[in-house]
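# Observations on chain architecture
For reference, the chains in residue letters:
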Amino acid sequence: MASFGWKRKIGEKVSKATWQQFEAEAADDAGAGEDADDNWVHAAKRRKELLLEDCARKSKQLKEEGANLAENSRYREAIRKWDEALQLTPEDSTLYEMKSQVLMSLHEMFPAVHAAEMAIQRNPRSWDAWQTLGRAQLGVGEIELAIRSFQVSLHTFPMNPEVWKEDLSWARKLHKYKEKAAKAKAVQALAKEAAQESIPDYDFESDEIVEVCAAIAQKEKEAKSVVIVSASGAVETVTEKENSAATPDETIFIRAR
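Residues numbered from 1 in each chain as written. Predicted model: local features only at pLDDT ≥ 70, side-chain atom pairs only at ≥ 80, totals over all residues. Heavy atoms only, no water.

## A word on the overall build of the protein
The helix and strand inventory of the protein stands at eight helices and three strands. Listed by position from the N terminus, the elements making up the protein come as α-α-α-α-α-α-α-α-β-β-β. Taken across its 257 residues, the protein has 22% of its residues classed as buried. Sequence-distant contacts in the protein: of pairs separated by 6 or more residues, those separated by 24 or more amount to 40%. Summed over all atoms, the accessible surface of the protein reaches about 19900 Å², with 56% contributed by carbon and sulfur. (Helix = DSSP H or I, 4+ residues; strand = E, 2+ residues; numbered from the N terminus. Buried < 20%, exposed > 50% of the residue type's maximum accessible area, 1.4 Å probe, protein only. Contact = heavy atoms within 4.5 Å. Areas by Shrake-Rupley, 256 points an atom, 1.4 Å probe, with all protein chains shown as cover.)

Structure (structure tokens):
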């Protein structure tokens, strides 16, 4: 019967020197791999930085080109340039603010409001974006919102006299005119409502009305008054009845009526 003996481990046949050499080579390979990983991460970061710098440079160039076009009243072309710049730098609030100004020049007020709001979302402390938003809101008739926007702009940059003397002052005047117009409209509505109140619907053919009219007609038939002026100028009112005697001699009296 075969007996099972203890099995020698495979590594025991490897010499100690050879084992130490393998360990050193493995350590060198691990260090080289770590260096390669570090180099790859650094290279990726560098490529990203270069890409962002290139996008920022191109966006700045497009922004300046759009500004020059806007100064020459070529508004549509300016908007196209700024839209291209926004593809490269979508967080640039100044691009949205300039776009809002140009849209107002094109009388596209609702898109102008939206562009100004986008600018404020990216930079809530941009006083010029708040000013532009207020002007766009005035364009759509939102006077109360415009006043608030101008106030925020002035709070952000109190040293701007344009917002205080022009924008906010004009918005407040418009608000007063709006209140007066609303009051006048309310008064007109009340007057119109009062004029249109329904008149009571009387039944002029009812028995009571017919009887009253008949009685008045009979009374007028029975007695009539005649004004007589004498030759001397005296005025006398004589009531005539159906069965009464004839009026005085016409040679004496002149019938006035």
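The discussion continues.
## Observations concerning unusual backbone geometry
With a phi angle near 65°, Ser-73 is a residue other than glycine that sits in the positive phi range. Mapped onto the fold, Ser-73 is located in the loop between α1 (16–71) and α2 (75–88).

## Considering a positive patch on the surface
A cluster of basic side chains, namely Arg-172, Lys-173, Lys-176, Lys-180 and Lys-183, defines a positive patch on the protein surface. Given a relative accessible area of 60%, Lys-183 falls into the exposed group. (Patch = residues over 30% accessible without salt bridge, like charges linked within 9 Å, V, L, I, M, F, W, Y side chains within 5 Å. Salt bridge = Lys/Arg side-chain N within 4 Å of Asp/Glu carboxyl O. Lys, Arg positive; Asp, Glu negative; His and termini not counted. Charge placed at Lys NZ, Arg CZ, Asp CG, Glu CD.)

## Remarks on the UniProt feature "repeat: TPR" (unreviewed entry) in the protein
Listed under "repeat: TPR" (unreviewed entry) in the UniProt record, and renumbered for this structure, are residues 59–92 and 127–160. Secondary structure content for residues 59–92 is 79% helix and 0% strand, and the end C-alpha separation is 9 Å. Along residues 127–160 one finds 79% helix and 0% strand; the C-alpha atoms at either end are 9 Å apart. (UniProt positions renumbered as here; feature names shortened; annotations may be inferred.)

## Overview of the environment of Gln-87
Here Gln-87 shows up in helix α2. Taking the relative accessible area as the measure of exposure, Gln-87 reaches 69% and is therefore exposed. Each C-alpha atom, one on Gln-87 and one on Cys-55, is 9.1 Å from the other, the two residues being 32 residues apart in sequence.

## A short note on helix α4 (residues 109–122)
Its 14 residues place the ends of α4 20 Å apart at the C-alpha level, agreeing with the 20 Å of an ideal helix rising 1.5 Å per residue. Ala-112, Val-113, Ala-115, Ala-116, Met-118, Ala-119 and Ile-120 are the residues of α4 that are buried. The inward-facing, buried residues of α4 contact α3 (93–105) and α5 (127–139). (Expected span 1.5 Å × (residues − 1).)

## Side note on α2
For α2, which comprises 14 residues, the first-to-last C-alpha distance of 20 Å matches the rise-based estimate of 20 Å (1.5 Å per residue) to within 8%. Listed in full, the buried residues belonging to α2 are Ala-78, Ile-79, Trp-82, Ala-85 and Leu-86. The buried residues of α2 occupy an angular sector of 120° when projected down its axis, which confines them to one face. α2 presents Arg-80 and Gln-87 as exposed residues on the side facing more than 90 degrees away from its buried surface. (Arc of directions from axis to C-beta.)

## Some points on the environment of Asn-123
Positionally, Asn-123 belongs in the loop between α4 and α5. In this structure Asn-123 comes out as partly exposed when scored by relative accessible area, which is 30%.

## Side note on the packing of α3 against α4
Two numbers describe how α3 lies on α4: the axes approach to 8 Å, and their chain directions differ by 165°. With respect to α4, the element α3 is oriented roughly antiparallel. The way α3 lies across α4 gives a crossing that is left-handed. Contacts between α3 and α4 involve Ser-93, Tyr-96, Glu-97, Ser-100, Leu-103 and Met-104 from the first element and Met-109, Pro-111, Ala-112, Ala-115, Ala-116, Met-118, Ala-119 and Arg-122 from the second. The class makeup of the residues in the contact of α3 with α4 is 10 nonpolar, two polar and two charged. (Axes fitted to C-alpha atoms, helices over the stretch in contact; angles between N-to-C directions. Parallel < 35°, antiparallel > 145°, perpendicular 65-115°, else oblique. Left-handed = near helix turned anticlockwise from the far one by under 90°. Nonpolar A, V, L, I, M, F, W, Y, C, P; charged D, E, K, R; others polar.)

## Observations concerning the pattern of salt bridges
Summed over the entire model, instances satisfying the criterion amount to 11 salt bridges. As a salt-bridge pair, Lys-81 and Glu-65 come within 3.1 Å of each other at their nearest N and O atoms. Of the two residues, Lys-81 sits in helix α2 while Glu-65 sits in helix α1, which places them 16 residues apart along the sequence. For Lys-81, a relative accessible area of 26% puts it in the partly exposed group. Arg-135 is the salt-bridge partner of Glu-162, the closest N and O atoms lying 3.0 Å from each other. Here Glu-162 is found in helix α7 (residues 161–195), whereas its partner Arg-135 is found in helix α5, with 27 residues between them in sequence. What makes Arg-135 partly exposed here is its relative accessible area of 32%. Residues participating in the shared-partner salt-bridge network are Asp-54, Arg-57 and Lys-58.

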